[in-house]
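Spelled out from the first residue to the last, the chains are:
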Amino acid sequence: MKIAVASDHVGVELRHELAQEARALGYEILDLGPAEGEAADYPVYGELVGRAVSAGEADLGILVCGTGVGISLAANRVPGIRAVVCSEPFTAELSRRHNNSNVIAVGARVVGAGLARAIVRAWLTAEFEGGRHARRVDMLDAIR
Ligand code: RB5
């Protein structure tokens, strides 16, 4: 399983931490940047991860900006992307189990590295339950 990761300039350090967390869980990482010190607009990087997941170049995506909000909004503009911003593990887990989220965003100005790692771990170790949830996710994806 491959995970696309990206951030804006605020999220670079946390992005590396979260990539490391995902690697430790056995995932391969597709790092879409930016490099340290580069000014980086969150719409560009949110879209990059959204497109990588939507094209099947990655199975899931992890994004980081200051709040997680701007970069998740960008990813959600890509058809088929269900990006969620999470600041605690419970919502992250349920967003996989019930909403089949395929991108997670966290805010580097909102959560510390330890909590962010726990959020990503909860998200990556949860699985979509399907069943009654599948119908609702299909309804979501039908919204244009
Ligand atoms: C950049 O200053 C900041 O706006 C960005 O990281 C993010 O928080 C946007 O949602």
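Every value quoted in this text rests on a predicted model; they were computed, and no experiment measured them.

Asker: Break down unusual backbone geometry for me, with residues and values.
Answerer: The omega torsion across Gly33 and Pro34 is 5 degrees, close enough to zero to call that bond cis. Mapped onto the elements of the fold, Pro34 is located in the loop between β2 (28-31) and α2 (42-54). Positive phi, normally seen in glycine, also occurs at Asn100, with a value near 50 degrees. Mapped onto the secondary structure, Asn100 falls in the loop between α4 (89-97) and β5 (103-107).

Asker: Go over the site of the ligand, please, and point to the residues and values.
Answerer: For the ligand, the full set of nearby residues is Asp8, Val10, Tyr42, Cys65, Gly66, Thr67, Gly70 and Arg109. Within the backbone of Gly66, one N or O atom sits 2.7 Å away from an oxygen atom of the ligand. Thr67 has a polar backbone atom sitting 3.0 Å from an oxygen atom of the ligand. Here the ligand has 290 Å² of accessible area as a free molecule, and 70% of this is covered by the chains. Across the shell around the ligand, the residue classes break down as 3 nonpolar, 3 polar and 2 charged.

Asker: Any chance you could break down the packing of helix α1 (residues 12-24) against helix α5 (residues 113-124) for me, citing the residues and the numbers?
Answerer: α5 packs onto α1 with a crossing angle of 40 degrees between their chain directions and a minimal axis gap of 10 Å. On the basis of their axis angle, the class for α1 and α5 is oblique. Both α1 and α5 take part in a crossing whose hand is right-handed. Of the residues in α5, those touching α1 at Leu14, Glu17, Leu18, Gln20, Glu21 and Ala22 are Ala113, Ala116, Arg117, Val120, Arg121 and Leu124. In terms of residue class, the contact of α1 with α5 is made up of 7 nonpolar, 1 polar and 4 charged.

Asker: Explain a nonpolar patch on the surface to me, and be specific about the residues and the numbers.
Answerer: Residues Val69, Leu73 and Val85 make up a contiguous nonpolar surface patch of roughly 230 Å² in combined accessible area. When you line up the elements, Val85 lands in strand β4 (residues 83-85). Since its relative accessible area comes to 35%, Val85 is described here as partly exposed.

Asker: How would you sum up the sheet that holds β5? Please name residues and give values.
Answerer: Taken in spatial order, the 5 strands of this open sheet run β2-β1-β3-β5-β4, and their pairing is parallel. In this open sheet, the two strands that pair with only one neighbour each are β2 and β4. Direction aside, neighbouring strands of the sheet carry axes that sit 25 degrees apart on average. Sitting on the sheet, α5 touches β1 (2-7), β3 (60-65) and β5, and the angle it makes with β3 is about 160 degrees.

Asker: Account for the packing of α4 against α5, naming residues and giving values.
Answerer: Viewed as axis vectors pointing N to C, α4 and α5 meet at an angle of 20 degrees, and their least axial separation amounts to 8 Å. With respect to their mutual orientation, α4 and α5 come out roughly parallel. Classified by chirality, the crossing of α5 by α4 is right-handed. Residue-level contacts link Pro89, Ala92, Glu93, Ser95 and Arg96 of α4 to Leu115, Ala118, Ile119, Ala122 and Trp123 of α5. Grouping the amino acids of the contact of α4 with α5 by side-chain chemistry returns 7 nonpolar, 1 polar and 2 charged.

Cut-off values and rules
Residues numbered from 1 in each chain as written. Predicted model: local features only at pLDDT ≥ 70, side-chain atom pairs only at ≥ 80, totals over all residues. Heavy atoms only, no water. Helix = DSSP H or I, 4+ residues; strand = E, 2+ residues; numbered from the N terminus. Near = heavy atom within 4 Å. Polar contact = N/O pair within 3.5 Å; in protein donor to acceptor, adjacent residues only side chain to side chain. Areas by Shrake-Rupley, 256 points an atom, 1.4 Å probe, with all protein chains shown as cover. Nonpolar A, V, L, I, M, F, W, Y, C, P; charged D, E, K, R; others polar. Axes fitted to C-alpha atoms, helices over the stretch in contact; angles between N-to-C directions. Parallel < 35°, antiparallel > 145°, perpendicular 65-115°, else oblique. Left-handed = near helix turned anticlockwise from the far one by under 90°. Contact = heavy atoms within 4.5 Å. Patch = residues over 30% accessible without salt bridge, like charges linked within 9 Å, V, L, I, M, F, W, Y side chains within 5 Å. Salt bridge = Lys/Arg side-chain N within 4 Å of Asp/Glu carboxyl O. Buried < 20%, exposed > 50% of the residue type's maximum accessible area, 1.4 Å probe, protein only. Pairing = 2+ DSSP bridges.

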